[in-house]
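An overview of the molecular structure
Each chain, written out:
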Amino acid sequence: MDRLDHLEHLDKHLVDELAQVARETVRDELREQTRRQRRRAALYAGSGAAALYAGAALALALGLGLAAGLPDWAAALITAVVLGAVAFALRTAARPSRGHGHTEAASGVPADGRGTPYPPMPSAPPPTGPHEQR
């Protein structure tokens, strides 16, 4: 019996060591993934900032080009309208469309994205008295 007790102790020790190795391996893998994701996020942020400045330069070029033949206020107004139209088109493209399975009935949220979710309406009104059956 002493031999079995000793083996049981060894098995417990082995299981503890394996669990420790598994924890360290998972921890190291998660650290590496986090490091890669941080780098990717920083690159996306940098590209977004560069795109923002490129868009501002493009808007300035459009305004200056229009200002060559129009009064300055008209060129600025036209540039603002163009940028507003682009912003509206991008917002519309970002919203889920009704044609892709997103409906009020399916989600409980109005399709226009505003308002709060609401429960579905019952198919029949509830009984009002003891003479009506359910």
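Residues numbered from 1 in each chain as written. Predicted model: local features only at pLDDT ≥ 70, side-chain atom pairs only at ≥ 80, totals over all residues. Heavy atoms only, no water.

What about the environment of Gly55?
With respect to the helices, strands and loops of the structure, Gly55 is situated in helix 1 (residues 2-67). Take Gly55: its relative accessible area is 34%, and that puts it in the partly exposed class. Taking the C-alpha atoms as reference points, Gly55 and Leu83, separated by 28 residues in sequence, lie 9.5 Å from one another. (Helix = DSSP H or I, 4+ residues; strand = E, 2+ residues; numbered from the N terminus. Buried < 20%, exposed > 50% of the residue type's maximum accessible area, 1.4 Å probe, protein only.)

What to know about the pattern of salt bridges
Taken as a whole and judged by the stated rule, the model has 5 salt bridges. Across the pair Arg36 and Glu29 runs a salt bridge whose closest N-O atoms are separated by 4.0 Å. Taking relative accessible area as the criterion, Glu29 reaches 40% and is therefore assigned partly exposed. Arg35 serves as the salt-bridge partner of Glu32, at 2.7 Å between the closest nitrogen and oxygen. With Glu32 and Arg35 both in helix 1 and 3 residues apart, the pair spans about one turn of that helix. Through salt bridges that share partners, Glu29, Glu32, Arg35 and Arg36 make up one connected network. (Salt bridge = Lys/Arg side-chain N within 4 Å of Asp/Glu carboxyl O.)

Quick word on a nonpolar patch on the surface
Taken together, Leu62, Leu70, Ile78, Val82, Val86 and Leu90 make up a surface patch of nonpolar side chains, about 470 Å² in accessible area. If you tally residues by element for the nonpolar patch, the top one is helix 2 (residues 72-94), at 4 residues. Topologically, Leu62 is positioned in helix 1. Among the residues examined, Leu62 registers a relative accessible area of 35% and is labelled partly exposed. (Patch = residues over 30% accessible without salt bridge, like charges linked within 9 Å, V, L, I, M, F, W, Y side chains within 5 Å. Areas by Shrake-Rupley, 256 points an atom, 1.4 Å probe, with all protein chains shown as cover.)

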